Amino acid sequence: LAKTTQPISMDSYEGQEVNITCSHNNIATNDYITWYQQFPSQGPRFIIQGYKTKVTNEVASLFIPADRKSSTLSLPRVSLSDTAVYYCLVGSFSGGYNKLIFGAGTRLAVHP
Amino acid sequence: DGGITQSPKYLFRKEGQNVTLSCEQNLNHDAMYWYRQDPGQGLRLIYYSQIVNDFQKGDIAEGYSVSREKKESFPLTVTSAQKNPTAFYLCASSIVGDEQYFGPGTRLTVT
């Protein structure tokens, strides 16, 4: 399974766009990229998932370059409630099981 | 109202006692998972199950046991053999090949 590297922490201000980049140099052909958000003392919540190029949903965008060795989670116009830990994961569904490996994540602090 | 429930939210035990954490889901998911999270760390996989009556060890299964007798239930027992059981335990479920949905977690403290 591919290991991911992401910044330990980031700071931003309300209304700004936040981009969190994740490095996954040894991503395999069948691997997809998933991002989760976790608030203190709660379970992680799925944000977005993609395989290549760009994926967008109602809360975020995920940019994946052609070589897929990195990905960037983009949160538009963050608010105080976006303060959380964000995890980048790489995994595959081979064998019917989507095993995920969580790193330490990126602690995002949004300031007024 | 579909989702995953874990009980209790907080659990306190004396060292040397076994303790069972409950996880129930009504999402009709085949796959279920147990993770452990220590302060400031990511999640580590303890056990997972893709189907009833079958489960596999994750990365840190020593000192833990599970059962999967029903599709909606995946209880985790923390045994006295687990050296550092105090942690935040998270249960998740998924459709095989899809995103995982997490429960609210159980914070276990062993003294």
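Residues numbered from 1 in each chain as written. Chains lettered and ligands numbered in written order. Predicted model: local features only at pLDDT ≥ 70, side-chain atom pairs only at ≥ 80, totals over all residues. Heavy atoms only, no water.

## Describing the side chain of aspartate 31 of chain A
Residues and elements named next belong to chain A.
Right, so step 1: Among the structural elements, aspartate 31 can be located in the loop between strand S2 (18–23) and strand S3 (32–38).
Right, so step 2: Although aspartate 31 is buried, it forms no salt bridge, and the closest oppositely charged side chain is arginine 68 at an N-O distance of 5.9 Å.
Right, so step 3: Among the polar contacts listed, one links the side chain of aspartate 31 to the backbone nitrogen of alanine 28, at a separation of 3.0 Å. (Helix = DSSP H or I, 4+ residues; strand = E, 2+ residues; numbered from the N terminus. Buried < 20%, exposed > 50% of the residue type's maximum accessible area, 1.4 Å probe, protein only. Lys, Arg positive; Asp, Glu negative; His and termini not counted. Salt bridge = Lys/Arg side-chain N within 4 Å of Asp/Glu carboxyl O. Polar contact = N/O pair within 3.5 Å; in protein donor to acceptor, adjacent residues only side chain to side chain.)

## What about the pairing of strand S4 (residues 45–50) of chain A?
Residues and elements named next belong to chain A.
Right, so step 1: Pairing analysis gives five bridges linking S3 to S4, with the strands arranged antiparallel. Bridge pairing in S4 links tyrosine 36 to phenylalanine 46.
Right, so step 2: Counted between consecutive antiparallel strands, the loop separating S3 from S4 contains six residues, among which serine 41 sits at a positive phi close to 60°. (Pairing = 2+ DSSP bridges.)

## Comments concerning the interface of chain B and chain A
Right, so step 1: Residue-level contacts link 24 residues of chain B with 19 residues of chain A.
Right, so step 2: Between chain B and chain A, a total of about 1,700 Å² is buried, with carbon and sulfur atoms accounting for 50% of that surface.
Right, so step 3: Three residues stand out in chain B for area buried against chain A, namely Leu43, Glu99 and Phe102 of chain B, and they jointly supply 25% of the buried area on that side.
Right, so step 4: At the surface where chain B touches chain A, the tally comes to zero salt bridges.
Right, so step 5: Inspection of the chain B/chain A interface yields four residue pairs in polar contact (both at pLDDT 80 or more). (Contact = heavy atoms within 4.5 Å. Buried area = accessible area lost by both parts, 1.4 Å probe.)

## Looking at the sheet that holds strand S7 (residues 70–75) of chain A
Residues and elements named next belong to chain A.
Right, so step 1: Strand order in the open sheet formed by four strands is S2-S7-S6-S5, with antiparallel pairing between adjacent strands. In the strand order of this sheet, the two ends are held by S2 and strand S5 (53–56), each with one partner. For this sheet, the mean angle separating the axes of adjacent strands, direction not counted, is 15°.
Right, so step 2: In this sheet, strand S6 (residues 61–64) lies alongside S5 in antiparallel orientation, the contact comprising four bridges. Residue valine 55 lies in a different strand from S6, and its bridge partner there is leucine 62. (Axes fitted to C-alpha atoms, helices over the stretch in contact; angles between N-to-C directions.)

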